[in-house]
Amino acid sequence: MAWQTRTSSTVYANRWIRVREDAVVMPDGADGVYGVVEVRHPAVFVVALDDAGRVLLVEVDRYTVGRSWEVVAGGSDGEDPLAAARRELREEAGLEADDWSEVGRMDALNGICVAPEHVFLARGLRAVAGAGELARTQREEGIGATRWVPFGDAVAMAAAGEIRDGETVAALAFAGARLGRFA
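The following paragraphs examine the structure supplied in this document. Here the structure is a predicted model, which means the values were calculated and not measured.

**Side note on the packing of helix H3 (residues 151-159) against helix H4 (residues 166-179)**
- Interaxial distance between H3 and H4 falls to 10 Å at its minimum, and their mutual angle equals 140°. It follows that H3 is oblique to H4 by the angle criterion. In the crossing of H3 with H4, the sense of the turn from one axis to the other is left-handed. Listed contacts from H4 to Phe 151, Ala 154 and Ala 158 of H3 are Val 169, Leu 172, Ala 175, Gly 176 and Leu 179.

So this is what it looks like as structure tokens:
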């Protein structure tokens, strides 16, 4: 037996998310209630890899968990995911890339959310933003620092718990698989 939705009602909504409460019949046939968070637009994650094989990490001050080392990421805001990934790389790092590959898709917190995500590998990097514009956008995003880390060291940081953002860990895994680093 599969889940069945009897009724659904929105209990909260803003321009980024909608929270709904569903009266359901569970797979075992029992009645229940399920809360679901729907993210309005897919998110994008960018593993920016330079010619030396280093990954760009940004330190973001997250309201929910505090400081966090992550790959460049953000909401698509209704844009095509690749266009959004290009925009996020420009805004958060002042970079553009010549070579883009979508290396994976995932669903965040799929037990409670509808939150599709796209992961891109960006190579052939070059600086584009002026220092003043980059500083402004990083301040808006809560980015306190950036650092270039050899790919293997970034994976080791995840294994050691220095990178705890689940999407960053998954994005590194997708990129590593595409690059043949885990074979």
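**Description of the side chain of Ser 101**
- Turning to its location among the elements, Ser 101 is positioned in strand E8 (residues 95-107).
- Sequence-distant contacts of Ser 101, defined by excluding residues within four places in its chain, comprise Val 119, Phe 120, Leu 121 and Arg 178.

**Focus: the side chain of Gln 138**
- With respect to the helices, strands and loops of the structure, Gln 138 is situated in helix H2 (residues 131-141).
- In this structure Gln 138 comes out as buried when scored by relative accessible area, which is 17%.
- For Gln 138, the side chain forms a polar contact with the main-chain oxygen of Glu 92, separated by 2.9 Å.
- Gln 138 has contacts with Glu 91, Glu 92, Ala 93, Ile 143 and Thr 146, leaving out every residue within four places of it along the chain.

**Thoughts on the nonpolar core**
- Residues Phe 45, Val 47, Val 55, Leu 57, Val 71, Ile 163 and Leu 172 are the most contacted members of the largest nonpolar core, which totals 22 residues.
- Residue assignment for this core shows that the elements contributing at least two residues are strand E4 (43-48), strand E5 (54-62), E8, strand E10 (116-127), H3 and H4.
- At 4 residues, the largest contribution of residues to this core is made by H3.
- If near-sequence neighbours (up to four positions away) are discounted, Ile 163 is found in contact with Leu 57, Trp 69, Ala 154, Met 157, Ala 158, Thr 168, Val 169 and Leu 172.

**Concerning the environment of Val 72**
- Turning to its location among the elements, Val 72 is positioned in strand E7 (residues 72-75).
- Owing to a relative accessible area of 0%, Val 72 belongs among the buried residues under this scheme.
- With near-sequence residues (within four places) excluded, Val 72 lies in contact with Val 44, Phe 45, Val 46, Leu 56, Val 58, Glu 88, Leu 89, Glu 92 and Ala 93.

**A few points about the sheet that holds E4**
- One open sheet holds the 4 strands; their spatial order is E7-E4-E10-E8, and the pairing between them is mixed. Of all the strands in the sheet, the pair left with one neighbour each is E7 and E8. The mean angle between the axes of side-by-side strands here comes to 25°, regardless of whether they run parallel or antiparallel.
- Pairing of E8 with E10 involves 11 bridges; the strand directions are antiparallel. Bridged to Glu 102 within E10 is Phe 120.
- Contacts from helix H1 (residues 81-93) reach E4, E7, E8 and E10, with the element oriented near 120° to E8.
- Running at roughly 110° to E8, H4 makes contact with E4, E8 and E10 of the sheet.

Rules used in this analysis
Residues numbered from 1 in each chain as written. Predicted model: local features only at pLDDT ≥ 70, side-chain atom pairs only at ≥ 80, totals over all residues. Heavy atoms only, no water. Axes fitted to C-alpha atoms, helices over the stretch in contact; angles between N-to-C directions. Helix = DSSP H or I, 4+ residues; strand = E, 2+ residues; numbered from the N terminus. Parallel < 35°, antiparallel > 145°, perpendicular 65-115°, else oblique. Left-handed = near helix turned anticlockwise from the far one by under 90°. Contact = heavy atoms within 4.5 Å. Buried < 20%, exposed > 50% of the residue type's maximum accessible area, 1.4 Å probe, protein only. Polar contact = N/O pair within 3.5 Å; in protein donor to acceptor, adjacent residues only side chain to side chain. Core = buried A, V, L, I, M, F, W, Y, C linked by side-chain atoms within 4.5 Å. Pairing = 2+ DSSP bridges.

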